[in-house]
Amino acid sequence: MAEKTFAEIGKIEAIASLYEGTPFKAFEDCWFEAPTREYVSSFSKLYLEGVDFDLIYFPLKHLGYKAVIGVVGEMYAQMCHPSTLAVVLGISAKLDYAQIKELWSGIVAAAKEHGFKKLSLDLQPSKNGLTISMSGMGETSLITGKRRPKAQSKDLICISGCLGAAYLGMQVLEQQKSRFVAGESVKLDNYKMMVGAYLKPELAAQTVANLEDDVIYPSHGYFVTRGLSDAVKRLSRDSGLGAKIYADKIPFEGNSFQLGKELDIDPISAAMNGGDDYRLLFTIPILSLEKFRRDFQTFSIIGHLALPEVGTVLVTPDGVELPLRAQGWHDGE
């Protein structure tokens, strides 16, 4: 019998199948309990030129900053405090020392902002453009680790900021790419928020500490980088519950719909499947609703967990429930 292709299997099922027959578990958080009675977790990211970024329009300092945030977001989603960060840069011949120094300055700025205690760097030659490898370690207190509750139906699904803007901003930059190449002036003032969301996403450095101080422990946390649909489907998989997202509760930047019309892109589709938003998604026990609303006003409540038979759905303003679709997932998952 012929083997199935990746297109037939889907990325998520393919990863799960590769773990079959091994002593390891797919999609398991990498952590261990340290002698100091803390949980230590590891996180890694790899950024490839031409796949994850385009140096024609991506400022190197912003790129370095964003690469760190890519690791930090995964830590915060798991209620970890950043500790160490190891960086390996694969450098092609087209980049000189001054450019690498600019890239490194963005890495250092983000590492300082988010409280890393150690930062290491190694440089390697690359034949295929710039490669950025990030490997971070974070610590979660034993109390926080033990107090995170089991997910329940009606837990609130909360997001840390606007969605879809980064994808729209990237499309603007791609649209203007020929002007960048030709050295012509490019005016992006009308799209400043969108472009900024893509080039330099930011996260509040005190998110985990503030949740701990308020004694609010999310049952689950995810870093949204591949679209909201992907994060919600991961949430459903890990919790064993269904989830409802309400379209009219999703936060958007002010001119998202105007820009979407210009680009012929539905902002809701950009939010659900566009990617690169770099937002935190938490599920909060409903009993913490009032405290969470008061102290975490940058977060928006966009839905809730539900019974497993509900599946993962987007609820339109007129009450129609549409099954979520995400790249890498089978339609039936």
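Refer to the structure presented above.
Note that the structure is predicted; figures quoted are calculated from it, not measured.

About the thresholds
Residues numbered from 1 in each chain as written. Predicted model: local features only at pLDDT ≥ 70, side-chain atom pairs only at ≥ 80, totals over all residues. Heavy atoms only, no water. Helix = DSSP H or I, 4+ residues; strand = E, 2+ residues; numbered from the N terminus. Buried < 20%, exposed > 50% of the residue type's maximum accessible area, 1.4 Å probe, protein only. Contact = heavy atoms within 4.5 Å. Phe/Tyr/Trp six-rings, centres within 6.5 Å; stacked < 30°, edge-to-face > 60°. Lys NZ or Arg CZ within 6 Å of the ring centre and 35° of its normal. Axes fitted to C-alpha atoms, helices over the stretch in contact; angles between N-to-C directions. Parallel < 35°, antiparallel > 145°, perpendicular 65-115°, else oblique. Nonpolar A, V, L, I, M, F, W, Y, C, P; charged D, E, K, R; others polar. Pairing = 2+ DSSP bridges. Arc of directions from axis to C-beta. Core = buried A, V, L, I, M, F, W, Y, C linked by side-chain atoms within 4.5 Å.

Draft legend 1. Looking closely at the side chain of Ser256. Assignment of secondary structure puts Ser256 in helix 11 (residues 256-263). With relative accessibility at 0%, the residue Ser256 sits in the buried group. If sequence neighbours within four positions are ignored, Ser256 has contacts with Leu168, Met194 and Pro267.

Draft legend 2. Examining the packing of aromatic side chains more closely. Under the definition given, this model contains eight aromatic pairs. Aromatic pair Phe223 and Tyr278: ring centres 5.2 Å apart, planes at 65 degrees, arrangement edge-to-face. With Phe223 in strand 7 (residues 220-224) and Tyr278 in the loop between helix 12 (267-273) and strand 9 (279-284), this pair connects stretches of sequence that are 55 residues apart. Both rings, one in Phe292 and one in Phe296, keep their centres 5.1 Å apart while their planes meet at 15 degrees; by these two values the pair is stacked. Taking the relative accessible area as the measure of exposure, Phe292 reaches 3% and is therefore buried. By relative accessible area, which is 7% here, Phe296 ends up buried. Among the aromatic residues, ring-to-ring pairing joins Phe282, Phe292, Phe296 and Phe299 into one connected group. The ring of Tyr278 has Lys66 sitting right over it, with the charged end atom 5.1 Å from the ring centre. Cation over ring: Lys200 sits above Tyr65, and NZ or CZ is 4.1 Å from the ring centre.

Draft legend 3. The packing of helix 6 (residues 165-175) against helix 8 (residues 192-199), seen in detail. The contact between helix 6 and helix 8 brings their axes to 7 Å, and the two run at 100 degrees. With respect to each other, helix 6 and helix 8 are oriented roughly perpendicular. Mapping the contact onto sequence places Ala165, Ala166, Gly169, Met170, Val172 and Leu173 in helix 6 and Met194, Val195, Ala197, Tyr198 and Leu199 in helix 8. Residue classes in the contact of helix 6 with helix 8 are distributed as ten nonpolar, one polar and no charged.

Draft legend 4. Structural view of the pairing of strand 11 (residues 312-315). In strand 11, alternate side chains face the same way, and those of Thr312 and Leu314 on one face and Val313 and Val315 on the other are all buried. Across four bridges, strand 8 (residues 242-246) lies against strand 11 in parallel orientation. Bridge pairing in strand 11 links Lys244 to Val313. As paired strands, strand 11 and strand 12 (residues 321-323) are joined by three bridges and run antiparallel to one another. Of the residues in strand 12, the one forming a bridge with Leu314 is Leu322.

Draft legend 5. Representation of the sheet that holds strand 8 within the structure. The strand order across the open sheet formed by seven strands is 7-9-6-10-8-11-12, and the pairing between neighbours is mixed. Edge positions in the sheet fall to strand 7 and strand 12, since each of these pairs with one other strand and no more. Strand-to-strand twist across the sheet, computed as the mean angle between neighbouring axes with direction ignored, equals 25 degrees. Running at roughly 165 degrees to strand 7, helix 3 (residues 60-77) makes contact with strand 7 and strand 9 of the sheet. Contacts from helix 10 (residues 228-239) reach strand 6 (156-159), strand 7, strand 8, strand 9, strand 10 (300-306) and strand 11 within the one sheet, and its direction differs from that of strand 7 by about 155 degrees.

Draft legend 6. Focus on helix 11. Those residues of helix 11 that sit buried are Ser256, Leu259, Gly260 and Leu263. Taken down its axis, helix 11 places every buried residue within 105 degrees of arc, on the same side. Exposed residues lying more than 90 degrees from the buried face of helix 11 are Gln258 and Lys261. Buried residues along helix 11 sit in contact with helix 6, helix 8 and helix 12.

Draft legend 7. Representation of the nonpolar core. Counting 63 residues, the largest nonpolar core has Leu63, Val68, Leu103, Leu130, Ile132, Met134 and Phe292 as its most contacted members. Element by element, the count of residues in this core is highest for helix 3, at eleven residues. Once you skip the residues sitting within four places of it in the chain, Leu130 turns out to touch Tyr47, Leu48, Glu49, Phe53, Leu55, Leu60, Leu63, Gly90, Ser92, Leu95 and Leu103. Val232, Leu241, Ala247 and Leu281 belong to the second-largest nonpolar core, a separate cluster that totals 23 residues.

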